[in-house]
Amino acid sequence: MSAVQLRHVQKTSGSTVLIPHINLEVSAGQCVAIQCNHELGHQLLLAMIGQTPISEGSIRIQGEALTPEHTRNIREKIGIQLLSDAAYERLKVREFLHFYARLYETKPDMELLMQRLGLAEKQNSRVLQLTPSEMRRLSIARALVHNPPVLLMEDPEQNVDLETSYIIRNLIPALIEEGKAIVITTMVLEQAISMTNDVYLYSHAGFKKLETAEEELDPISDRDGDEDREPFHSIEVEDQGRLYTAVDSRIENIMPAEAAAETVIQETEAQAPLTAPKTATETESAEAKPKSAELSAFPDHSQSSETFDEAGTGGQSVPAGAQVAAFVQPVRFEKIPAKVGDKLILFDPTEIDYIESHEGVANLHVLQGIYACSMSLSDLEGRLKGFGFYRCHRSYLVNLQKVREVITWTRNSYSLILDDHSKSSIPLSKGKYDELKKIIGI
């Protein structure tokens, strides 16, 4: 059973959509971060505690439907921290938390709670004397005072100091270990990615899970001469029932010769059609063939033993323990990676508005912000050409599906206006203008 369940939830006011359609399930011991604008996130959290009614769909908290009749009972299962939270300024921190504990008729371990939020030294200070960052921690402590199974947080790291960010990011894994279901809304994608791996992008364009991957260390970086080698990224892709790994082109795929030969033989045997048992004569004839003939059996059955030997070893025999290049099946992977901290974000090409090269770094411009990509602009051009991207300038690669206008400023000056949230203006080179006109049929 999901701790939080939103089914086809939507809220409208007249012709205005306040909460776009959303489906979401959060299990106990799971943290979900939703990147969205402030107003959308605020409306969603208010709907999840029953403070604002929804127009369509249903919301369930620990299996119980959120209805006007059950709002009070369900709110006891939820802790919520909002940016608009206020506090009784004349009370001391300890008195403030005890006040809310009495409201919920509970007796929490107050010392532990204040210690976890870094408020132990401030317990005898009046709320009025707290800094904005300490107030944010106090708001989270109040949300946890009755030990709820579900915690909702609104931009918890907005405008706080480093100490508070550190406390929050260490608190979340501890709460997950305790089995709490956590939903966080935030405007900053980097913060969402840093807090959890379950990140969603939410806007009036839709609700979509962001694909992320942990960056892996180079397993062969300890080899002689490779101390300065940069870490590489590996992405696993399942293609027709088989799992391949695409690695950074700077790293060779290397394995021992015996393992390479054994892999080839095993794959051949697995793909070979079933035949009738061989006769004694056929068996003797087969055993008399050189062992090297077995190595010729590639999965596509297109190479002879001599071809394999010449291509793989230069016509020389392969000594035991030697290393040869492993056969790697080429794959097509239609995602563009961008690095944020120690994680990789994988963007769909259709999510990218345009790519700008600045000081040798290709920056992806998407709805959520700007992200650096390790690929060069030329490599991205070749990879994205089939998705409608066009090199409109030596420093720009634009998604033609996002172009709204082509503006002529002077005889030799042109710009592309995009249909994005900021109506971005992209330069169009003089020599590209006529070519673009042919592409778009002008």
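Structure shown above.
Residues numbered from 1 in each chain as written. Predicted model: local features only at pLDDT ≥ 70, side-chain atom pairs only at ≥ 80, totals over all residues. Heavy atoms only, no water.

Peer 1: For the nonpolar core, give the residues involved together with the corresponding values.
Peer 2: Inside soluble globular proteins, nonpolar side chains tend to come together where they are buried. Within the largest apolar cluster, 54 residues are counted, with the highest numbers of intra-cluster contacts made by Leu 117, Phe 347, Ile 355, Leu 364 and Leu 380. Apart from residues no more than four positions distant in its own chain, Phe 347 is found in contact with Leu 210, Lys 335, Ile 336, Ala 338, Ile 352, Leu 364, Val 366, Gln 368 and Tyr 371. Among the nonpolar cores identified, the runner-up in size contains 31 residues, and Leu 6, Leu 24, Ile 78 and Val 150 belong to it. (Core = buried A, V, L, I, M, F, W, Y, C linked by side-chain atoms within 4.5 Å. Buried < 20%, exposed > 50% of the residue type's maximum accessible area, 1.4 Å probe, protein only. Contact = heavy atoms within 4.5 Å.)

Peer 1: Can you explain the packing of helix H5 (residues 132-144) against helix H6 (residues 162-177)? Please cite residues and give values.
Peer 2: For the pair H5 and H6, the least separation of the axes is 9 Å and the interaxial angle reads 20 degrees. The angle between H5 and H6 places the two elements in the roughly parallel class. Remark: the crossing between H5 and H6 carries left-handed chirality. On H6, the residues touching Ser 133, Arg 137, Ile 140 and Leu 144 of H5 are Glu 163, Thr 164, Ile 167, Ile 168, Leu 171 and Leu 175. Taken together, the residues of the contact of H5 with H6 break down into six nonpolar, two polar and two charged. (Axes fitted to C-alpha atoms, helices over the stretch in contact; angles between N-to-C directions. Helix = DSSP H or I, 4+ residues; strand = E, 2+ residues; numbered from the N terminus. Parallel < 35°, antiparallel > 145°, perpendicular 65-115°, else oblique. Left-handed = near helix turned anticlockwise from the far one by under 90°. Nonpolar A, V, L, I, M, F, W, Y, C, P; charged D, E, K, R; others polar.)

Peer 1: Give a description of the side chain of Ser 424 that names residues and reports values.
Peer 2: For Ser 424, the position within the fold is in the loop between strand E23 (413-418) and strand E24 (425-428). Among the residues examined, Ser 424 registers a relative accessible area of 11% and is labelled buried. Engagement of the side chain of Ser 424 in a polar contact is seen with the side chain of Asp 420, the distance being 2.6 Å. The contact partners of Ser 424, leaving out residues within four places of it in the chain, are Tyr 354, Leu 416, Ile 417 and Leu 418. (Polar contact = N/O pair within 3.5 Å; in protein donor to acceptor, adjacent residues only side chain to side chain.)

Peer 1: Break down the pairing of strand E17 (residues 352-358) for me, with residues and values.
Peer 2: In the sheet, E17 pairs with strand E18 (residues 361-366) via six bridges, with the strands oriented antiparallel. Along E18, the bridge assignment pairs Ile 355 with Leu 364. From the end of E17 to the start of E18, which pair antiparallel, there are two residues, and Glu 359 there has a positive phi angle of about 55 degrees. Note that E17 and strand E21 (residues 396-399) share three bridges and pair antiparallel. (Pairing = 2+ DSSP bridges.)

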